[in-house]
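# Structural overview
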Amino acid sequence: MPADSFRAPPAVAAPASYVPTAWSQDAIVQSAARYLTPSYKNAPLVFERGEGPYNIAMDGTRYLDFSAGVAVNGLGHNHPDLVAAIADQSRRLIHQSNYWHNAHAVPLAAELCTRFEQACLATAGVALQARAFFCNSGGEGTEAAVKLVRRYHSRVCNHARPGIVTCKGSFHGRTYAAMSATANAKYQDGFEPLVPGFRYAEFGDIASIAAQIDDSVGAVLLEVVQGEGGVCVAPPGFFRDLRQLCTERGVLLGLDEVQTGFGRTGTLFAFEQEGIAPDLIWLAKALGGGIPVGAVLARQEVALALQPGTHATTFGGNALVTYVGRVVLGVMDRDGLVDNARDMGAYLLQRLRAALGDHPAVRDIRGRGLMCGVQLQGDVQAVIAQCRQLGLLVSLAGSDVVRFTPPLIVGRDHVEFAAAQLAAAVRTVLGP
Ligand SMILES: *Cc1c(COP(=O)(O)O)cnc(C)c1O
């Protein structure tokens, strides 16, 4: 073994000896149009840093962030425990391949599987054992889920049931299978041919889903609350009926909890509010608090379909991201953030209804925990831009919904500010 000059890192990192030159906000915005694919319609704003639920732009303007990187920054920005976790683990080990075990993927899998098992038992009386597969994003979670359900039928059950039912208005990501699962022409346009085998039904409509299930269908995959589709909540009892239908027809029920999961809706998993136990779920967005990590959790019999060599990812579940996932979950537990999401979510709906409930341009105000939407008639993009002028960041969902997905750390004053600014923006743009 060669004499090593790379000894253990210092306990406190030295200042970086290589620092890239800083660009101005103008240079960044202008060069984006030259160097990036025009895939995103970016607002001309660059954030320099964050503080809890706030974002500070390069020009010093401060914003209350009720988008949170689209439901990602559950602990808010620059949470001290998250910062310390990233620093600590990066001094130890960032990445090794999945040829070896790593010290945090297994404990995080144990923690997530235990929570999933407990949730299934508590909500539906179903005792099961779960296993986890780590990936890097929501779309990769969908990919893994699609591969898993197909391989379960073809290799565990030894029958061909490749068909998968998903719901109109859904969003499951942009990779090919995820895009094919996403029953929305807007996301598929020009990318044909899609991955075959997907069939689309109406969200929240049990008869519509039943009509799509025949002997070639192996799974129904859907969100618990449709996020990108417009914060759409299914009618009461829908998921119980769906669970029963899937069980009767020998079809797996998989829930895309990429956006709803990890506390956002007021329970760790959104399905806990539906009285059912799914066969598999997948998580991403908030799981890493901003560090890319995703996980598929599946009932053991199903999970065993992914035998050695069947599915893999280079980065999936590396030491850094899984350590961070453990810290995010630990902080959420310690600080009661799931309960806070439930309470602040209810308060947000209440304040939004009080401020806007009788406004003629407001068609609906709905949500679950800290995943809320205000459906408007009129120029929603202009309302969102006006919110930004008033110091509030929110995002568009569907074609006509202002979506609130704040960090789970927000308090009553943040909620009051957000509801008041949206009401002001609606009145400015759409009339008093
Ligand atoms: C965001 C989202 C995805 C895709 O996640 P990516 O990390 O962007 O690939 C999938 N499903 C749902 C429900 C989402 O909200």
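Residues numbered from 1 in each chain as written. Predicted model: local features only at pLDDT ≥ 70, side-chain atom pairs only at ≥ 80, totals over all residues. Heavy atoms only, no water.

## Things to note about the site of the ligand
Stated formally: Think of it this way: one heavy atom of a residue within 4 Å of a molecule or strand is enough to make that residue near it. Note on areas: these come from Shrake-Rupley sampling with a 1.4 Å probe, and a residue is covered only by the protein chains present in the view. Ten residue types, Ala, Val, Leu, Ile, Met, Phe, Trp, Tyr, Cys and Pro, are classed as nonpolar, four, Asp, Glu, Lys and Arg, as charged, and the remainder, Gly among them, as polar.
In the vicinity of the ligand, the residues found are S137, G138, G139, F171, H172, G173, E223, D256, V258, Q259 and K285. Within the complex, 81% of the 390 Å² of free accessible area of the ligand lies under protein. Among the residues forming the shell around the ligand, the class breakdown is two nonpolar, six polar and three charged.

## Observations concerning the packing of aromatic side chains
Threshold: The aromatic pairing rule takes the rings of Phe, Tyr and Trp, using the six-membered ring of Trp, and pairs them if the centres are within 6.5 Å, calling planes under 30 degrees apart stacked, those over 60 edge-to-face and the rest tilted. Counting from the N terminus, the helices are the DSSP runs of H or I reaching at least four residues and the strands are the DSSP runs of E reaching at least two. Residue exposure (1.4 Å probe, protein chains only): buried if accessible area is under 20% of the type maximum, exposed if over 50%, otherwise partly exposed. Over a ring means this: the NZ of a Lys or the CZ of an Arg is within 6 Å of the ring centre and within 35 degrees of the ring normal.
Within the structure shown, the criterion is met by nine aromatic pairs. On the basis of an interplanar angle of 85° and a centroid distance of 6.2 Å, the ring pair of F116 and F269 is categorised as edge-to-face. One end of the pair, F116, is in helix α4 (residues 105-124); the other, F269, is in the loop between β10 (252-256) and β11 (280-283), with 153 residues separating them in the sequence. The residues F116 and F269 share a single accessibility class, namely buried. Aromatic rings pair up to connect F116, F269 and F271 into one cluster. One residue, R62, lies across the ring of Y54, its end atom 4.6 Å from the ring centre. R412 extends its terminal NZ or CZ atom over the ring of Y347, reaching a point 4.0 Å from the ring centre.

## Describing the sheet that holds strand β2 (residues 54-57)
Spelled out, the test is: Criterion used throughout: strands pair if DSSP finds at least two bridges between them.
With mixed pairing, the four strands of this open sheet are ordered in space as β1-β2-β3-β15. Taken across any chain shown, the strands that pair with only one partner, and hence form the sheet edges, are β1 (47-51) and β15 (392-393). Judged from the two bridges that link them, strand β3 (residues 62-65) and β15 form a sheet pairing that is parallel. Within β15, the residue paired with D65 across the bridge is L393.

## Describing the domain arrangement of the protein chain
Heads up, the condition is: The split of the chain into domains comes from an automatic or database domain assignment. A 1.4 Å probe defines the accessible area here, and the buried area is the portion of it lost by two parts on being joined, summed over both. Take a side-chain nitrogen of Lys or Arg and a carboxyl oxygen of Asp or Glu: if they are within 4 Å of each other, that pair is a salt bridge. We define a polar contact as two N or O atoms separated by no more than 3.5 Å, with the added condition that, inside protein, one atom must be a possible hydrogen donor and the other a possible acceptor, whereas residues neighbouring each other in sequence contribute only through side-chain atom pairs.
One can read the domain layout of the protein chain as domain 1 (25-72 + 337-430) and domain 2 (92-335). The gap between the C-alpha centroids of domain 1 and domain 2 is 27 Å. For the domain 1 and domain 2 pair, buried surface summed over both sides reaches about 2,100 Å², with 59% attributable to carbon and sulfur atoms. Remark: the boundary between domain 1 and domain 2 carries two salt bridges. Residues E228 and R403 are paired through a salt bridge, measuring 2.7 Å at the closest nitrogen-oxygen approach. Our count for the domain 1 to domain 2 interface comes out at 10 residue pairs in polar contact (both at pLDDT 80 or more). For the side of domain 1 that touches domain 2, the secondary structure elements donating two or more residues are α2 (68-71), α12 (337-356), β13 (362-368), β14 (371-376) and β17 (401-404). Examining the composition of the side of domain 1 that touches domain 2, we find that four residues originate from one element, α12, more than from any other. In terms of residue class, the side of domain 1 that touches domain 2 is built from 14 nonpolar, five polar and four charged.

## Structural notes on the sheet that holds β10
Rules: Orientation is described by lines fitted to C-alpha atoms, with helices fitted over the stretch in contact, and by angles between N-to-C directions that extend from 0 to 180 degrees. Pairs of residues are marked as contacts when any of their non-hydrogen atoms sit within 4.5 Å.
Spatially, β4-β12-β11-β10-β7-β5-β6 is the arrangement adopted by the seven strands of the open sheet, whose pairing is mixed. The open sheet is flanked by β4 (130-135) and β6 (198-201), the only strands paired with a single partner. Adjacent strand axes in the sheet meet at a mean angle of 20° when their direction is disregarded. Note: β10 against β11, three bridges, orientation parallel. Paired with L255 across the two strands is I281, which belongs to β11. On the sheet, α4 packs against β4, β11 and β12 (294-299) and is oriented at approximately 130° with respect to β4.

## Considerations on the side chain of Q89
In this fold, Q89 is placed in helix α3 (residues 80-92). Relative accessible area serves as the criterion here: at 2%, Q89 is assigned to the buried category. When residues no more than four places from it in sequence are discounted, the contact partners of Q89 are I94, H104, A319, L320 and Y323.

## Describing the state of the cysteines
Rule in force here: Pairs of cysteine sulfur atoms within 2.5 Å are identified as disulfides in what follows.
On inspection of all chains with the given rule, the structure shows zero disulfides. Of all cysteine sulfurs, the one in C113 lies closest to C120, which takes part in no disulfide; the gap is 11 Å. A residue is classified by how much of its surface remains accessible, and C120, at 0% relative accessible area, is buried. Left without a disulfide partner, C246 is nearest to the cysteine sulfur of C167, which lies 10 Å away. Given the relative accessible area of 1%, C246 is considered buried.

## Some points on the environment of E301
One can find E301 in helix α10 (residues 300-303). In the structure, E301 is positioned 171 residues away from A130 in sequence and 8.6 Å away in space, judged by C-alpha atoms. Separated by 2.3 Å, the side chains of E301 and R299 make a polar contact.

## Regarding unusual backbone geometry
A cis amide bond links E192 to the next residue, P193, at an omega of 5°. The phi torsion at A68 lies on the positive side, around 55°, for a residue other than glycine. In this structure, A68 sits in helix α2. Judged by its relative accessible area of 0%, A68 falls in the buried class. Positive phi outside glycine occurs at N78, with the angle close to 55°. Tracing the chain through its elements places N78 in the loop between α2 and α3.

## Focus on α4
As a reminder, the rule being used: For a helix, the expected span equals 1.5 Å multiplied by the residue count minus one.
Counted at 1.5 Å a residue, the expected span for α4 with its 20 residues is 28 Å, and the 28 Å between its end C-alpha atoms agrees. As for α4, its buried residues are in contact with β4, β11, β12 and α11 (319-334).

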